[in-house]
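Chain and residue survey
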Amino acid sequence: MSELGEEDRQILDYLRDSVSRGESYFRAKNIAEQIGLSSKQVGARLPKLDEESDEVEIEKWGRARSTTWRVTLS
């Protein structure tokens, strides 16, 4: 996980903290608003972070107006 950039780490930190408080479903737009990135930046990184992170499991869960991601701690 050492090759992850600062923005990737911000996303992982936010997801890990949110999941530990009981949240498990996220939209890129909501993550982006909390950490100061665009929803496109977040949405493009989530599949990569699922593969590269040992901390969280990220699963594409549903798609209505935008993709919902289900996140659990590993």
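Everything that follows concerns the structure shown earlier in this document.
Reference entry: report on the structure contained in this document. (Residues numbered from 1 in each chain as written. Predicted model: local features only at pLDDT ≥ 70, side-chain atom pairs only at ≥ 80, totals over all residues. Heavy atoms only, no water.)

Turning our attention to the side chain of Ser53. Relative to the elements of secondary structure, Ser53 occurs in the loop between helix H3 (39-52) and strand E2 (56-63). Looking at Ser53, the relative accessible area reads 5%, which means it is buried. At 3.0 Å, the side chain of Ser53 and the backbone nitrogen of Glu55 are in polar contact. (Helix = DSSP H or I, 4+ residues; strand = E, 2+ residues; numbered from the N terminus. Buried < 20%, exposed > 50% of the residue type's maximum accessible area, 1.4 Å probe, protein only. Polar contact = N/O pair within 3.5 Å; in protein donor to acceptor, adjacent residues only side chain to side chain.)

As a general feature of sheets, a regular strand has side chains that alternate between the two faces. Examined bridge by bridge, E2 and strand E3 (residues 67-73) share 7 bridges and lie antiparallel to one another. By the bridge assignment, Arg63 is partnered in E3 with Thr67. Between E2 and the antiparallel strand that follows it, E3, lie 3 residues. (Pairing = 2+ DSSP bridges.)

Taken in spatial order, the 3 strands make up an open sheet running E1-E3-E2, and their pairing is antiparallel. Looking along the sheet, the strands with just one partner apiece sit at the ends: strand E1 (25-27) and E2. If you compare each strand with its neighbour and ignore which way they point, the axes differ by 35° on average. Helix H1 (residues 6-20) contacts E1, E2 and E3 of the sheet and is inclined by roughly 70° relative to E3. H3 rests against E2 and E3 of the sheet, and its axis sits at about 135° to E2. (Axes fitted to C-alpha atoms, helices over the stretch in contact; angles between N-to-C directions. Contact = heavy atoms within 4.5 Å.)

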